[in-house]
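What follows is each chain in one-letter form.
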Amino acid sequence: MKLFNPLTFICILVLSLIITFSFKKNSADKTTLLNEDATVINTGSTAADGCGWQIKTSGTDSTYSPLDLNAQYQVNNLKIHVSYHKLKTRFYCSQLTNTPGPGIAEISIDSIKSR
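Definitions and limits used
Residues numbered from 1 in each chain as written. Predicted model: local features only at pLDDT ≥ 70, side-chain atom pairs only at ≥ 80, totals over all residues. Heavy atoms only, no water. Helix = DSSP H or I, 4+ residues; strand = E, 2+ residues; numbered from the N terminus. Buried < 20%, exposed > 50% of the residue type's maximum accessible area, 1.4 Å probe, protein only. Areas by Shrake-Rupley, 256 points an atom, 1.4 Å probe, with all protein chains shown as cover. Contact = heavy atoms within 4.5 Å. Pairing = 2+ DSSP bridges. Core = buried A, V, L, I, M, F, W, Y, C linked by side-chain atoms within 4.5 Å. Lys, Arg positive; Asp, Glu negative; His and termini not counted. Salt bridge = Lys/Arg side-chain N within 4 Å of Asp/Glu carboxyl O. Polar contact = N/O pair within 3.5 Å; in protein donor to acceptor, adjacent residues only side chain to side chain.

Engineer: How do you make sense of the overall build of the chain when you look at a structure like this?
Structural biologist: Counting its regular elements, the chain contains one helix and five strands. Along the chain, from the amino end to the carboxyl end, the secondary structure elements read α-β-β-β-β-β. Within the span of the chain, comprising 115 residues, buried residues form 28% of the whole. As displayed, the chain has an accessible area near 7,800 Å², and 59% of this comes from carbon and sulfur atoms.

See below:
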């Protein structure tokens, strides 16, 4: 007499994995909406050892990696005003000369407009 048949075990395992990986990894702290003037910077394609599009804020002089920068704002040295949430994740690339610590903090953009 078997306690579990193999199909039941596989179904339970798959369901457990789906539940585990369904939680959003890039969860933003929705209580901290930040608003700053900033500049969009193109550090070069990640395929060519760059760090892609970055946002350098004026007030805190920090550089962030946006998850969702709209194509119309992908203009080097474009002055913007951005509302965003910091994420708990970091973006890693081979070009980290001006960034203290490991990786570049990632942000989720709530609103953006040109200045």
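Past the structure itself, the notes keep going.
Engineer: Got a minute to help me understand the environment of S65 in this structure?
Structural biologist: When you line up the elements, S65 lands in strand β3 (residues 63–66). Of the residues examined, S65 reaches a relative accessible area of 5% and is grouped as buried. Excluding residues that lie within four positions of it along the chain, S65 makes contacts with W53, Q54, F91, I104, A105, E106 and I107.

Engineer: Teacher, can you tell me more about the pairing of strand β5 (residues 104–114) here?
Structural biologist: A regular strand places its side chains so that they alternate between the two faces of the sheet. Relative to β5, β3 runs parallel, the two being bridged by two bridges. Looking across to β5, one finds that P66 is bridged to I107. Across nine bridges, strand β4 (residues 78–91) lies against β5 in antiparallel orientation. Bridge pairing in β5 places F91 opposite I104.

Engineer: Quick question: what am I supposed to make of the nonpolar core here?
Structural biologist: Generally speaking, soluble globular proteins have nonpolar side chains that are buried together. Within the largest apolar cluster, 14 residues are counted, with the highest numbers of intra-cluster contacts made by I55, L69, I80, V82, I109 and I112. Where this core is concerned, the elements lending two or more residues are β1 (34–42), β4 and β5. Among all residues touching V82, those that are not within four sequence positions of it are L34, N35, E36, A38, I109, S111 and I112.

Engineer: It is not clear to me how the side chain of E36 should be interpreted in this structure. Could you clarify?
Structural biologist: For E36, the location among the structural elements is in strand β1. For E36, which is buried and forms no salt bridge, the nearest opposite charge comes from K86, at a distance of 6.8 Å. A distance of 2.5 Å separates the side chain of E36 from the side chain of Y84, its partner in a polar contact. Excluding its chain neighbours within four sequence positions, the residues that come into contact with E36 are T57, G59, T60, I80, H81, V82 and Y84.

Engineer: Help me out: how do you make sense of the pattern of salt bridges in this one?
Structural biologist: Where side chains of opposite charge bring their charged atoms close, a pairing between them can arise. Applying the stated criterion across every chain yields a total of one salt bridge. In this structure, D37 engages R115 in a salt bridge whose closest nitrogen and oxygen atoms are separated by 3.8 Å. One end of the pair, D37, is in strand β1; the other, R115, is in the segment after β5, with 78 residues separating them in the sequence.

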